[in-house]
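Structural description and commentary
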Amino acid sequence: MKSIEKISLIAVRLPLSSPYELSFITVKELKTIYAKITFSNGATSWGECTPLYGYSDIDFITAWNEHIRLAELLMRKGKFVLNKDGFNHCALWTALHSNLCGKLAVDKAVSMVGLVQEAGNNDLLDTLNTQRNQGYSCFKVKVGVFGFEQDRKRIMQLQQALLPHEKIRIDANQGLTLSETRQLVEICDKSLVEVFEQPLPINSWNEMRELNDEYDIDFMLDESIIGMDSLHKAVLPSRSCIWIKLKLMKQGSIELTHQMFKFARDHNLRVIFGNGVSGYLGNYQEVLLWYDLQSYGERIANNAIESNGFLKVKSDPFSNLLTFDSGTVICNEWQDPDFSDCEIIKQWKMDKCSI
């Protein structure tokens, strides 16, 4: 491996074009850590970390301090063990190993999920039509935000409005009780609902096994799935889900992401990949990695990607890396980031550390 000359950590606030509603928080901006590694031969490499407390136990300050600690260890060539939560190290580790992502997979369109969420004067079906007109055929809807009765009406509305080739993904972000989950599942049409994602809190393994045994709707776990130990819990002593969600930032490294895809293939778990709370750089690296992940087979890898966080960001120094086109995302050739945008670097910059 090339020796490291310098590590720069940059913390910025990236405003969103409109609020992103989750069951546990309304996101108005991304607090993002960029890691830039300069090697002895002059080459540079970048990585991104956008932690979201509530999604995991790691908040921004924890992630920032841990990135500084690990950067200092890397510069001293110290030995350390990575924490199982990828948000502790993902900016550094993806920068260090970004060459493991496919580099030839540019200018190829990847199908992406669309977000159906009420905004301003637009109701749920207005948003569905807008997303449909933009080329999407798979849509994600958040529940656990507006209250149970409203969620029940929203799911029924969406199912009635879907066209024959369209699907929805229902995501609760841990925001439901077991009783509420059962009641919502009762109105779900399996032919229309691709997955019902993370209805219960992270450690509800036994309750998820009950749901998985009781209903033919496919459940998916996201926040529950961090490292390999969580995958074992997902299938032993019996299945708690049919699908799992993996993200490059959450897993924290390209190598672990590959290991978890292999485990999923070997244990007949289906996978949806991609991060909806990310900037352009993190999503760019995910889409490049996505091509490598296709080797695990169609049932594992060939699903609409969720690397759509970049579409929520108002301004971003890496905005030249990705292009949205008719419900798909396209990777462009690598270009160095542009930190000259005053809104990003002056208004939103939080901190900087060079090691």
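To keep things clear, this report deals only with the structure shown in the data block. (Residues numbered from 1 in each chain as written. Predicted model: local features only at pLDDT ≥ 70, side-chain atom pairs only at ≥ 80, totals over all residues. Heavy atoms only, no water.)

For the largest pocket, the calculated volume is near 480 Å³. Forming the walls of the largest pocket are 19 residues, and the residues nearest its centre are Ser18, Leu115, Thr127, Gln131 and Leu311. Of all the secondary structure elements, the ones that give two or more residues to the lining of the largest pocket are β1 (4-21), β5 (114-116) and α3 (124-133). The biggest single contributor to the lining of the largest pocket is β1, with 4 residues. (1 Å grid on protein atoms, 1.4 Å probe; cavity = no way out; pocket = protein on both sides within 12 Å on 5 of 7 lines; lining within 4 Å. Points joined across faces, edges and corners; volume = space filled by probe spheres on them. Helix = DSSP H or I, 4+ residues; strand = E, 2+ residues; numbered from the N terminus.)

Across the junction of Leu236 and Pro237, the peptide omega takes the value 0°, indicating a cis bond. Mapped onto the elements of the fold, Pro237 is located in the loop between α7 (228-235) and β10 (243-246). The phi dihedral of Gln198 falls on the positive side, at around 40°, and the residue is not glycine. Turning to its location among the elements, Gln198 is positioned in the loop between β8 (193-197) and α6 (205-214). Not every positive phi belongs to a glycine, and Asn268 is a case in point at roughly 60°. Counting through the fold element by element, Asn268 comes out in the loop between α9 (254-266) and β11 (270-273).

Our next topic: the sheet that holds strand β4 (residues 109-111). Spatial strand order, β4-β13-β12: 3 strands in an open sheet with antiparallel pairing. The open sheet is flanked by β4 and β12 (322-325), the only strands paired with a single partner. Taken over all neighbouring pairs, the strand axes of this sheet differ in orientation by 30° on average, direction set aside. Sheet topology places β4 next to strand β13 (residues 328-331); 3 bridges connect them, and they run antiparallel. Each residue of the ladder has a partner; that of Val110, found in β13, is Val329. (Pairing = 2+ DSSP bridges. Axes fitted to C-alpha atoms, helices over the stretch in contact; angles between N-to-C directions.)

What follows is about the packing of α9 against helix α10 (residues 280-293). At a minimum axis separation of 11 Å, α9 and α10 run at an interaxial angle of 40°. Relative to α10, the element α9 is oriented oblique. When you trace α9 past α10, the crossing you get is right-handed. Here α9 contributes Ile254, Thr257, His258 and Phe261 to the contact with α10, which in turn contributes Leu289, Trp290, Asp292 and Leu293. (Parallel < 35°, antiparallel > 145°, perpendicular 65-115°, else oblique. Left-handed = near helix turned anticlockwise from the far one by under 90°. Contact = heavy atoms within 4.5 Å.)

As far as function goes, none of this settles anything; it's purely spatial.
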